[in-house]
Amino acid sequence: MTTLAIIGGQVLLPDLTVERADLLVDRDAGEIVEIGSDLEGDAHLDASGGLVIPGLVNGHCHVAMSLLRGYADDKPLDAWLREDIWPAEGALTAEDVRAGAELGLLEMIEAGTTAFADMYFEVGEIVEAVETAGVRARLGHGIVTVGKDDAAARADAEESLAVAREFAGAADGRISTAFMPHSLTTVGTEYLEEFVPKARDAGVPIHYHANETDEEVAPIVAEEGVRPLAYAAERGMLEPEDFLAHAVHVDREEIDLLAEAGTGVIHCPASNMKLASGMAPVEEMREAGVTVGIGTDGAASNNDLDPFGEARDAAMVGKLASGDASAVPADAVVGMATAGSADAVGIEGGRLEEGAPADIAVVDLDSAHLTPRHDLVSHLAYAVRGSDVRHTVCGGEVLMRDREVLTLDSEGVRERAQKRAEAVAERA
Ligand SMILES: CSC[C@H]1O[C@@H](n2cnc3c(O)ncnc32)[C@H](O)[C@@H]1O
Ligand SMILES: [Zn+2]
């Protein structure tokens with residue numbers, strides 16, 4: 001066994017208490033083997049003056065959209081997608097998707113993210129980028145059938161199934177997959193009815209956008225006579241392994257459906273605010289026992305991939321939505337950004353304990369905005385920024401040491417992304 005010791009720091013334990021401790025990692029197994037005092041390893045990472053936390057889990061992203069950061073802002077979802085984003089995405093090549101994915105992965109590692117769930121196209125490029133970057137991911141091809149003839153719609157759904165089958169277990173098991181219909185309004189009922197059972201046969205979960213805007217709920221109610229999540233349940237899309245993004249406009253019955261089904265929800269507060277989609281009833285979902293995680297959505301609707309900013313937004317908007325300052329408290333959002341997202345998307349991790357994957361971030365506490373240190377869980381929720389992360393480790397591999405990303409050439413990644421983004425803007 002070759003080992004890595006993370007020494008000298010304070011450690012955030014699964015019950016969200018903080019203790020002074022060292023961590024010993026088995027690098028071959030990629031697991032934490034001991035949390036204790038005076039631990040020594042074959043190599044070490046200095047965590048003195050720092051807080052050792054589980055790597056953050058971004059439960060819903062479109063990582064390659066980092067290439068479209070700032071491309072179109074200040075519009076509601078439907079206009080943003082139809083007038084700007086979908087035309088630009090139509091001009092993206094496989095190489096553009098690769099460049100955008102590498103840029104997003106660089107940003108994630110710099111901010112302590114060690115796992116994410118992602119829906120996009122050209123997924124083979126994203127797989128290769130994830131393999132190189134060294135993080136964990138649940139990846140899938142997003143299906144849109146509206147505006148397509150039957151042959152094209154079926155090909156898109158087949159592609160999502162094929163991608164889910166082909167890449168499951170890639171990158172030494174760090175990559176898992178899902179079947180990913182884009183949403184309940186952009187994929188026709190007949191395709192959901194035909195392909196959801198095939199996804200079940202393939203043994204993969206289903207991930208989709210749901211109840212994001214009022215405009216998306218209304219046509220389902222008008223045409224089907226039921227709310228979207230009852231419609232999803234009737235089509236077998238509300239199983240314990242499934243997870244949906246947004247869940248902004250969910251009523252009491254839908255919250256109970258989610259809780260009974262065990263289907264996870266990924267809350268995307270920044271995207272929901274920026275697109276003025278609405279305020280998700282996170283406190284009600286948590287109280288009902290729904291597994292809630294946090295996601296950034298893509299960088300084009302956020303406009304960054306900072307998991308700490310997202311946790312802070314979740315706490316803030318959760319209070320506003322409930323009209324109650326005690327709603328969605330600090331410990332809740334820290335749990336949501338770690339174990340909550342990991343559980344919702346079905347990725348191991350989100351907790352520092354013996355036997356858990358060694359997916360770890362070390363946050364540097366030595367700065368004015370993190371002084372004084374009354375309560376480190378409060379700091380994680382409200383004051384830490386992605387740029388405070390000193391080291392990032394995934395599966396025992398050091399991905400960033402002293403803010404130097406070791407798995408990606410950060411200058412090259414940024415230069416390629418800038419060039420490709422300029423070319424896409426010209427072409428689109
Ligand atoms: C077909 S691949 C995924 C698809 O989703 C688009 N997208 C990005 N953000 C959102 C959002 O908040 N709601 C719905 N769809 C979104 C992305 O641009 C891709 O086309
Ligand atoms: Zn999304």
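It should be emphasised that the depicted structure is a prediction, and the values quoted were computed from it without experimental measurement.

Rules of the game
- Residues numbered from 1 in each chain as written.
- Chains lettered and ligands numbered in written order.
- Predicted model: local features only at pLDDT ≥ 70, side-chain atom pairs only at ≥ 80, totals over all residues.
- Pairing = 2+ DSSP bridges.
- Helix = DSSP H or I, 4+ residues; strand = E, 2+ residues; numbered from the N terminus.
- Axes fitted to C-alpha atoms, helices over the stretch in contact; angles between N-to-C directions.
- UniProt positions renumbered as here; feature names shortened; annotations may be inferred.
- Buried ≥ 20, exposed ≤ 12 C-beta atoms within 10 Å, placed from the backbone.
- Contact = placed C-beta atoms within 7 Å.
- Domains from an automatic or database assignment.
- Nonpolar A, V, L, I, M, F, W, Y, C, P; charged D, E, K, R; others polar.
- pLDDT = per-residue confidence, 0-100.
- Near = placed C-beta within 6 Å.

Concerning the sheet that holds strand β1 (residues 3–7)
1) Next: Read across the sheet, four strands follow the order β5-β4-β1-β6 without closing on themselves; strand pairing throughout is mixed. Two strands close off the open sheet at either side, each with one partner strand: β5 (31–36) and β6 (43–46). Averaged over all adjacent pairs, the angle separating strand axes in this sheet is 20°, with direction ignored.

Let's talk about the UniProt feature "binding site: Zn(2+)" (unreviewed entry) in the protein
1) Next: When the UniProt feature table is mapped onto this chain, "binding site: Zn(2+)" (unreviewed entry) is found at H60, H62, H209 and D297. Spanning 238 residues, the annotated positions come together in the fold, the maximum distance between their C-alpha atoms being 11.9 Å.
2) Next: Relative to the assigned elements, H62 resides in the loop between β8 (56–61) and α1 (77–90).
3) Next: Judged by the 25 C-beta atoms lying within 10 Å of it, H62 is buried.
4) Next: If we ignore the near neighbours within four places in the chain, the residues touching H62 are D118, M119, Y120, D297 and G298.
5) Next: The residue H209 is located in strand β13 (residues 207–210) in this model.
6) Next: Given 25 C-beta atoms within 10 Å, H209 falls into the buried group.
7) Next: Setting aside its immediate chain neighbours within four residues, H209 contacts H182, S183, A245 and H246.

Quick look at the domain arrangement of the protein
1) Next: Each assigned domain of the protein is listed with its residue range as follows: domain 1 (3–54 + 356–405) and domain 2 (56–345).
2) Next: Using only C-alpha atoms to locate each centre, domain 1 and domain 2 end up separated by 28 Å.
3) Next: Those elements that provide at least two residues to the side of domain 1 that touches domain 2 are α13 (376–382), β18 (389–394) and β19 (397–401).
4) Next: Per-element accounting of the side of domain 1 that touches domain 2 gives the leading share, five residues, to α13.
5) Next: Tallied by class, residues from the side of domain 1 that touches domain 2 come to 13 nonpolar, four polar and three charged.

A short note on the confidence of the model for the protein
1) Next: Averaged over every residue, the pLDDT of the protein is 98; residues scoring 70 or more account for 100%.
2) Next: Here the predicted complex scores 0.98 on pTM and 0.99 on ipTM.

Notes on the site of ligand 1
1) Next: Lining the immediate surroundings of ligand 1 are 17 residues, of which I85, M119, G142, H182 and H209 lie closest.
2) Next: Elements that contribute at least two residues to the shell around ligand 1 include exactly α1 and β9 (113–120).
3) Next: The leading source of residues in the shell around ligand 1 is α1, at four residues.
4) Next: Here the shell around ligand 1 is built from residues that sort into seven nonpolar, seven polar and three charged.

A closer look at the environment of M285
1) Next: Within the secondary structure, M285 sits in helix α10 (residues 282–288).
2) Next: For M285, a count of 20 C-beta atoms within 10 Å translates into the label buried.
3) Next: Spatially, the C-alpha atoms of M285 and L258 are 8.4 Å apart, while their sequence positions differ by 27 residues.

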